[in-house]
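An overview of the molecular structure
Here is how the chains run, residue by residue.
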Amino acid sequence: MKNTLITTKSWRYRAWIAGFVTLAVIFALCIGIVVQVRKGGDKVASETMSQYSALLKESGENSLMELVDGSEKDGHLRRENIEVIIYLRRPDNTAGDYTANSYLKEHKSALPAKFDTVVDETIGDYNYKTYTFAYRDGLYVKLLMQADLLEVYDGVDAFVWFVPVTVILVLAIYTAFAFLMGKPVVKAIKEQKEFIHDMTHEIRTPLTVIRGNMENLLATPDATVMQVSDLVENTLEEVEHITTLSHDLMRSVSTPVAKQKGKYDVGETILGVLEVYGDIIGDSNRTLIANVQSADTVMEQEKVKQLTIILLENAVKYTGDGDKIKVSLKSAEGGCILSVADTGIGIAEGDEEKIFQRFYRGENAQATKSGSGLGLAIARNTVEEIGGKIYATRNIPKGLIVTAFLPGRS
């Protein structure tokens, strides 16, 4: 059982691990997007400036000098976002640069170590993509593409951080919802463990009694039946208790019946159950009073029968000679109300909610051997699975009233 059930702690670990793995995958995808965008930008810059360098080589030196002198009478050599700097190699191996751009004149840039490739270069306060090529011996041309493309890159860099932050917030919300959605699962697992524990306890007690009685019988093989009648009677009572318990357990985990097709009269269904139990109750010197009206509910007909039988059996178990059992059904807003009241031993104050717990039996109920402590728990489950409510109140001066609200069909 320990290995097959998912505990709360392991469920939380799995949720967090799944969240972090998801975040890592998304973050990796963001990095991949940024790398591809940057590579694409570098490729565009490289192809554009490479094509422009070929154009400059074909244009002739006079046209090249017009660019750096600021002449714009012939604009066919101009390219948007591209600046031109000319470097002349002097005899002393120093380089002088010529450009019409005053900013570039103020912030000198040097010849790169690598030619005919795009290089990231910072000049003053700005970043450039630069491309340098040899025009002729001793004459070099540097092309500069300004930060218009880099603004896109800055947006991509922001995207790297924006997406993970968004994902973290989404995962936080997802985790919160996951915990809320997982609560019923954890609750069901806890109830399952408690159910198995309680069931084991309930079965162990009568089995222990039966075993003790059998050992006592074997210890006196020459005794007559009359001499050991008390042991036999006690054993049969425990066997009956186990039989009742197993019957109720099977009923609590039985497969739901098929949904009812069409409407039916709940009152007629309950009257059919009362007709069977009327003779049983009358023969035991109890009085059965019925006030049943026509009504409608979403609960299947077989479930209504089961609920009525459980409430009647509960009343019969804890009533005696001269007691009364009253069954009523009446229509109410949004459904109908089924009530079973008796004048039996009742319950102690404060037990109104406890009696719906599995295997719980109050002090008054423990005085009798009958009952498994599962009937009212099954009744509550049957009612609540259709959105109804069931509760118990003490019947003054004595006894118990169990009332169930059954939703109607919309």
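All of these numbers come straight from a predicted model, not from anything done at the bench.

**Describing the overall build of the protein**
- Helix and strand counts for the protein come out as eight helices and ten strands.
- Burial analysis of the protein (410 residues in total) assigns 36% to the buried set.
- A total of about 24,700 Å² of accessible surface is found on the protein, and carbon and sulfur atoms cover 56% of it.

**Points about the packing of aromatic side chains**
- Here the structure, examined in full by the defined rule, presents two aromatic pairs.
- A ring pair is formed by phenylalanine 115 and tyrosine 140, whose centres lie 5.5 Å apart and whose planes are at 40°; its orientation type is tilted. Taken as a pair, phenylalanine 115 in the loop between helix H3 (102-106) and strand E3 (118-123) and tyrosine 140 in strand E5 (residues 139-145) lie far apart in primary sequence, 25 residues in all.
- Aromatic pair tyrosine 131 and phenylalanine 133: ring centres 6.5 Å apart, planes at 45°, arrangement tilted.
- The ring of phenylalanine 356 has arginine 380 sitting right over it, with the charged end atom 4.4 Å from the ring centre.

**Some points on the sheet that holds strand E6 (residues 287-292)**
- Taking strand neighbours across the sheet as the criterion, the five strands line up as E6-E7-E8-E10-E9 in an open arrangement whose pairing is mixed. The open sheet terminates on both sides in strands that have one partner only, identified here as E6 and strand E9 (389-394). Ignoring which end each strand starts from, the neighbouring axes of this sheet average 10° apart.
- In this structure, E6 lies alongside strand E7 (residues 324-332), joined through six bridges in parallel fashion. Residue alanine 290 lies in a different strand from E7, and its bridge partner there is valine 327.
- Against the sheet, helix H8 (residues 375-384) contacts E9 and strand E10 (400-407), and its axis sits at roughly 140° relative to E9.

**Description of the confidence of the model for the protein**
- Per-chain confidence: the protein averages 77 in pLDDT, with 73% of residues scoring 70 or above.
- Within the protein, no element has a lower average pLDDT than helix H4 (residues 148-219), which sits at 68, and none a higher one than E10, at 95.
- pLDDT under 50 marks residues 1-6. Its contacts with residues more than four places away, or in other chains, come to seven contacts.

**Let's talk about helix H2 (residues 61-69)**
- Within the span of H2, buried status applies to Ser63, Leu64, Leu67 and Val68. Seen from one end, H2 has its buried residues packed into an arc of 140°, which puts them on one side. The exposed residues of H2 that point more than 90 degrees off its buried face are Asn62 and Asp69.

**Observations concerning the packing of helix H6 (residues 266-283) against helix H7 (residues 301-317)**
- Interaxial distance between H6 and H7 falls to 10 Å at its minimum, and their mutual angle equals 35°. Once H6 is placed against H7, the crossing between them reads as right-handed. Listed contacts from H7 to Val266, Thr269, Ile270, Val273, Leu274, Tyr277 and Ile281 of H6 are Gln301, Val304, Lys305, Thr308, Ile309, Leu312, Glu313 and Val316.
- Looking at the contact of H6 with H7, its residues break down into ten nonpolar, three polar and two charged.

**Considerations on unusual backbone geometry**
- At the junction of isoleucine 396 and proline 397, the peptide bond is cis and its omega measures out at 10° in the coordinates.
- Among the structural elements, proline 397 can be located in the loop between E9 and E10.
- Phi at aspartate 116 is positive, roughly 60°, even though this residue is not glycine.

**Considering a negative patch on the surface**
- Together, Asp230, Glu233, Glu237 and Glu240 line one region of the surface with negative charge.
- Along the polypeptide, aspartate 230 turns up in helix H5 (residues 229-252).
- You can call aspartate 230 exposed: its relative accessible area is 59%.

**Here's the deal with the nonpolar core**
- Counting 38 residues, the largest nonpolar core has Ile270, Leu307, Leu311, Leu312, Ile325, Val327 and Leu406 as its most contacted members.
- For this core, the secondary-structure elements that each account for two or more residues are H6, H7, E7, strand E8 (335-342), H8, E9 and E10.
- Here this core takes seven residues from H7, the largest share from any one element.
- Sequence-distant contacts of valine 327, defined by excluding residues within four places in its chain, comprise Ile270, Leu274, Leu288, Ile289, Ala290, Asn291, Val292, Leu312, Leu338, Ser339 and Val340.
- Grouped together as the second largest cluster of nonpolar side chains are 17 residues, Ala45, Leu139, Val141 and Met145 included.

Reading guide: rules and limits
Residues numbered from 1 in each chain as written. Predicted model: local features only at pLDDT ≥ 70, side-chain atom pairs only at ≥ 80, totals over all residues. Heavy atoms only, no water. Helix = DSSP H or I, 4+ residues; strand = E, 2+ residues; numbered from the N terminus. Buried < 20%, exposed > 50% of the residue type's maximum accessible area, 1.4 Å probe, protein only. Areas by Shrake-Rupley, 256 points an atom, 1.4 Å probe, with all protein chains shown as cover. Phe/Tyr/Trp six-rings, centres within 6.5 Å; stacked < 30°, edge-to-face > 60°. Lys NZ or Arg CZ within 6 Å of the ring centre and 35° of its normal. Pairing = 2+ DSSP bridges. Axes fitted to C-alpha atoms, helices over the stretch in contact; angles between N-to-C directions. Contact = heavy atoms within 4.5 Å. pLDDT = per-residue confidence, 0-100. Arc of directions from axis to C-beta. Left-handed = near helix turned anticlockwise from the far one by under 90°. Nonpolar A, V, L, I, M, F, W, Y, C, P; charged D, E, K, R; others polar. Patch = residues over 30% accessible without salt bridge, like charges linked within 9 Å, V, L, I, M, F, W, Y side chains within 5 Å. Salt bridge = Lys/Arg side-chain N within 4 Å of Asp/Glu carboxyl O. Lys, Arg positive; Asp, Glu negative; His and termini not counted. Charge placed at Lys NZ, Arg CZ, Asp CG, Glu CD. Core = buried A, V, L, I, M, F, W, Y, C linked by side-chain atoms within 4.5 Å.

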